[in-house]
Amino acid sequence: MKKAESRGHIHGIKVASGALIIISHLLFVDDFLLFFRASLQECEHIKNILNMYERASSQALNLQKSEACYSRNVDQQLRS
């Protein structure tokens, strides 16, 4: 995640307007939240990162328990 972020492949969110801190992910014991722009390019980078994680950890992502949330400014076609 950090490598993709430093290369400009993914962009996190600011915690407040004018804030210097940008968050791309939050990790918990058995959950994680990812923050990135709603673009096909960033989705592909996130998908590749998650695939790499699955291969390295032998843990599969459970898509039945996964959810995507979008800003109301994101077009419905892009959400699909």
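Turning next to the overall build of the protein chain. Within the protein chain one finds 3 helices and 4 strands. Scanning the protein chain from its N terminus toward the C terminus, one meets helices and strands in the order α-β-β-β-β-α-α. Reported as C-alpha extents along the three principal axes, the dimensions of the protein chain are approximately 40 × 30 × 25 Å. Taken over 80 residues, the protein chain has a buried fraction of 14%. A separation threshold of at least 6 residues defines the contact pool for the protein chain, and within that pool the share at least 24 residues apart is 32%. When the accessible surface of the protein chain is split by element, carbon and sulfur atoms take 54% of a total near 6,900 Å². Averaging the positions of the 10 positive and the 8 negative side-chain charges in the protein chain gives two centres separated by 6 Å.

Now for a nonpolar patch on the surface. Judged by side-chain polarity, L27, F32, L61 and L63 come together as a nonpolar surface patch covering roughly 400 Å² of accessible area. The partly exposed category is assigned to F32, whose relative accessible area is 33%.

This part is about the pattern of salt bridges. Evaluation of the coordinates by the stated rule reveals 1 salt bridge. In this structure, E5 and K2 form a salt bridge, with 3.7 Å as the shortest nitrogen-oxygen distance. With E5 and K2 both in helix α1 (residues 2-6), this residue pair falls 3 residues apart, about one helical turn.

A few words now on the nonpolar core. Judged by nonpolar contacts, A4, I10, I46, I49 and L50 together constitute the single largest core of 5 residues. For I10, the residues in contact, after removing those within four places along its chain, are M1, A4, E5, E42, H45 and I46.

Before going further, it helps to spend a moment on the confidence of the model for the protein chain. Any segment with low pLDDT has predicted coordinates that should not be analysed in fine detail. For the protein chain, mean pLDDT is 87; residues scoring 70 or higher make up 100% of the total. Taken element by element, the protein chain is modelled with least confidence in strand β1 (residues 13-14), mean pLDDT 82, and with most confidence in helix α2 (residues 40-57), mean pLDDT 91.

Attention now goes to the side chain of S24. Structurally, S24 is set in the loop between β2 (22-23) and β3 (25-27). On the basis of relative accessible area, S24 is assigned to the buried category, the value being 2%. A distance of 3.1 Å separates a polar atom in the side chain of S24 from a polar atom in the side chain of E5.

Definitions and limits used
Residue positions are counted from 1 within each chain, in the order its sequence is given. Two thresholds apply to this predicted model, a pLDDT of at least 70 for residue-level local features and 80 or more for giving and counting side-chain atom pairs, whereas whole-chain, interface and lining totals are computed over all residues. Each side-chain value is derived from all of the structure's non-hydrogen atoms; neither hydrogens nor water enter the calculation. Working definition: helices are DSSP H or I runs of at least four residues, strands are E runs of at least two. Numbering for both runs from the N terminus. When a residue's accessible area, from a 1.4 Å probe over protein chains only, is under 20% of the maximum for its type it is buried; when over 50% it is exposed; and in between it is partly exposed. By definition in these notes, contact holds between two residues if any of their heavy atoms fall within 4.5 Å. For accessible areas, the Shrake-Rupley method is used with a probe of radius 1.4 Å. Any residue's cover is judged against the shown protein chains and nothing else. His is not counted, nor are the chain ends; Lys and Arg add positive charge and Asp and Glu add negative charge. A charged residue contributes its charge at one atom only: NZ of Lys, CZ of Arg, CG of Asp or CD of Glu. Patch criteria: residues need more than 30% relative accessible area and no salt bridge. Like-charged residues are merged within 9 Å; nonpolar side chains of Val, Leu, Ile, Met, Phe, Trp and Tyr are merged within 5 Å. For this document, the term salt bridge refers to a Lys or Arg side-chain nitrogen within 4 Å of an Asp or Glu carboxyl oxygen. The definition of a nonpolar core used throughout is a set of buried Ala, Val, Leu, Ile, Met, Phe, Trp, Tyr and Cys residues joined through side-chain atoms within 4.5 Å. Per residue, pLDDT captures the predictor's confidence, and it can take any value from 0 to 100. By the criterion applied in these results, polar contacts are pairs of N or O atoms within 3.5 Å in which, for protein atoms, one can donate a hydrogen and the other can accept it, and in which residues neighboring in sequence qualify only through two side-chain atoms.

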